[in-house]
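Analysis of the macromolecular model
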Amino acid sequence: MTFKSNLPREAEKTVGLLFFNGVMGSGKTKTLIERVAHNSAKGVKTAVYVPCFLADRRKVESRNGTTVHCNVLPQQAKLDDHDVVMIDEAQFISDSEFNVLCAMAKSRRVECYGLLNSYDGTMFHGASLLVGVGAELRLLSKACAYEHLTPATTHVRLLNTNGVLSRTTCACAKVEVGGDDKYEAVCWPCWQLVKDRD
């Protein structure tokens, strides 16, 4: 399995599962919205969903202010006329939602966008399902908070008002959505060196 980053839009599979993953602020939702617009311009019918965990959402919004309408992922695979299905916040998909996506991916392209790891370094359940089934991985990277050029930024560290919390001492929930002010994106070596600054 290989990581691919920023491939040309035309170089796509027409059927199957893809997982666009990256840390917070790496442009996952922005990429989703841009690809919806690109598909629309090409006449490619696209549906955008979020997991049931986010059932109150009716739009996907990027940090740059762009939005696109979304629905909650159905509990059964819909045999509709969409060519592409896109899922935002895919790290929160459940087992049953994963099964729906796999069924959809038999006849169309299913693009999942989400985080791979939580701040404690463990893989989100939804991400582990996608990786485990062999979804094609697309890494959306950004610069390490400590300005390292390589390797790719793959982890986040949890912040508080006094600095960085140890990746192992915080008991807060792993499922907070958003919260840009609470996390910083780092490469794996920097994540390993995290120390309390309280």
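These lines cover the structure that appears in this document, whether it is placed above or below. Residue positions are given per chain, counted from 1 along the sequence in the order it is written. Thresholds applied to this predicted model are a pLDDT of at least 70 for local features of residues and 80 or more for the giving and counting of side-chain atom pairs; totals over whole chains, interfaces and linings are not thresholded and use all residues. Values reported for side chains reflect all heavy atoms of the structure, with hydrogen atoms and water molecules removed beforehand.

1. Observations concerning the overall build of the chain
The secondary structure content of the chain amounts to four helices and 12 strands. Burial classes: relative accessible area under 20% of the type maximum marks a residue as buried, over 50% as exposed, and values in between as partly exposed (1.4 Å probe, protein chains only). Per-residue burial over the chain gives 45% buried out of 198 residues. Residue contacts are counted whenever heavy atoms from the two residues lie within 4.5 Å of one another. Taking all contacts inside the chain whose residues are at least 6 apart in sequence as the whole, residues at least 24 apart take part in 77%. Accessibility throughout is a Shrake-Rupley quantity obtained with a 1.4 Å probe, and a residue counts as covered only by protein chains that appear here. For the chain, the accessible area works out to roughly 10000 Å², and carbon and sulfur atoms hold 54% of it. Note on conventions: DSSP H or I runs of at least 4 residues are helices, E runs of at least 2 residues are strands, and numbering of each starts at the N terminus.

2. What to know about the pattern of salt bridges
In the sections that follow, a salt bridge refers to a side-chain nitrogen of Lys or Arg positioned within 4 Å of a carboxyl oxygen of Asp or Glu. Counting across every chain of the model gives six salt bridges. Glutamate 89 is the salt-bridge partner of arginine 57, the closest N and O atoms lying 4.0 Å from each other. Of the two residues, arginine 57 is situated in the loop between strand E3 (46–50) and strand E4 (59–61) and glutamate 89 in the loop between strand E7 (84–87) and helix H2 (95–104); the sequence distance between them amounts to 32 residues. On the accessibility criterion, arginine 57 (24% relative accessible area) is partly exposed. Residues joined in a network through salt bridges with shared partners are Arg35, Arg109 and Glu111.

3. Observations regarding H2
Because an α-helix completes one turn every 3.6 residues, residues spaced three or four positions apart along the sequence face the same direction. Within the sequence span of H2, burial applies to Glu97, Phe98, Val100, Leu101 and Met104. Viewed along the axis of H2, the buried residues span an arc of 155°, placing them on a single side of the element. For H2, the elements touching its buried residues are strand E2 (16–21), E7, strand E8 (109–114) and helix H3 (125–132). Along the arc lie the directions from the helix axis toward the C-beta atoms.

4. Remarks on the packing of aromatic side chains
Each Phe, Tyr or Trp ring, with Trp reduced to its six-membered ring, pairs with another whose centre is within 6.5 Å; inter-plane angles below 30 degrees give stacked pairs, above 60 give edge-to-face pairs, and intermediate values give tilted ones. All told, the structure shown has three aromatic pairs when counted by the stated rule. Seen in terms of ring centroids, phenylalanine 20 and tyrosine 113 are 4.6 Å apart; in terms of plane orientation they differ by 10°. Their pairing is stacked. One end of the pair, phenylalanine 20, is in strand E2; the other, tyrosine 113, is in strand E8, with 93 residues separating them in the sequence. The pair formed by phenylalanine 20 and tyrosine 113 is uniform in burial state, with each residue classed as buried.

5. Focus on the pairing of E8
Judged by how many residues are buried, E8 sits mostly within the fold: six of six residues are covered. Burial of the side chains of E8 extends over both faces: Arg109, Glu111 and Tyr113 are buried on one face and Val110, Cys112 and Gly114 on the other. The pairing criterion for strands is at least two bridges between them, as found by DSSP. One ladder, built from six bridges, connects E2 with E8; its direction is parallel. Looking at E8, one finds that phenylalanine 20 is bridged to tyrosine 113. The pairing of E7 with E8 spans four bridges and is parallel.

6. Structural notes on the nonpolar core
As used in this record, nonpolar core signifies buried Ala, Val, Leu, Ile, Met, Phe, Trp, Tyr and Cys residues forming a set joined through side-chain atoms within 4.5 Å. Among the nonpolar cores identified, the biggest contains 47 residues, and Leu32, Ile87, Leu101, Cys112 and Leu130 are the most heavily contacted of them. With residues near it in sequence (within four places) discarded, leucine 130 still touches Leu17, Phe19, Ala90, Ile93, Phe98, Cys112 and Ala135. Ranked by size, the runner-up nonpolar core spans five residues in total, among them Cys144, Cys187, Cys190 and Trp191.

7. What about the side chain of glutamate 89?
We classify glutamate 89 as buried; its relative accessible area is 15%. Polar contact is defined as a pair of N or O atoms within 3.5 Å, subject to the rule that within protein one atom must be able to donate a hydrogen and the other to accept it, and that residues adjacent in sequence are counted only when both atoms are side-chain atoms. For glutamate 89, the side chain forms a polar contact with the side chain of glutamine 91, separated by 2.8 Å.

8. Here's the deal with the environment of histidine 69
Along the chain, histidine 69 turns up in strand E5 (residues 67–69). Distance in space between the C-alpha atoms of histidine 69 and alanine 47 is 8.9 Å, their sequence separation being 22 residues. With sequence-adjacent residues up to four places away left out, histidine 69 is seen in contact with Val48, Arg58 and Lys59. Only 3.2 Å separates the side chain of histidine 69 from the backbone oxygen of arginine 58, close enough to count as a polar contact.

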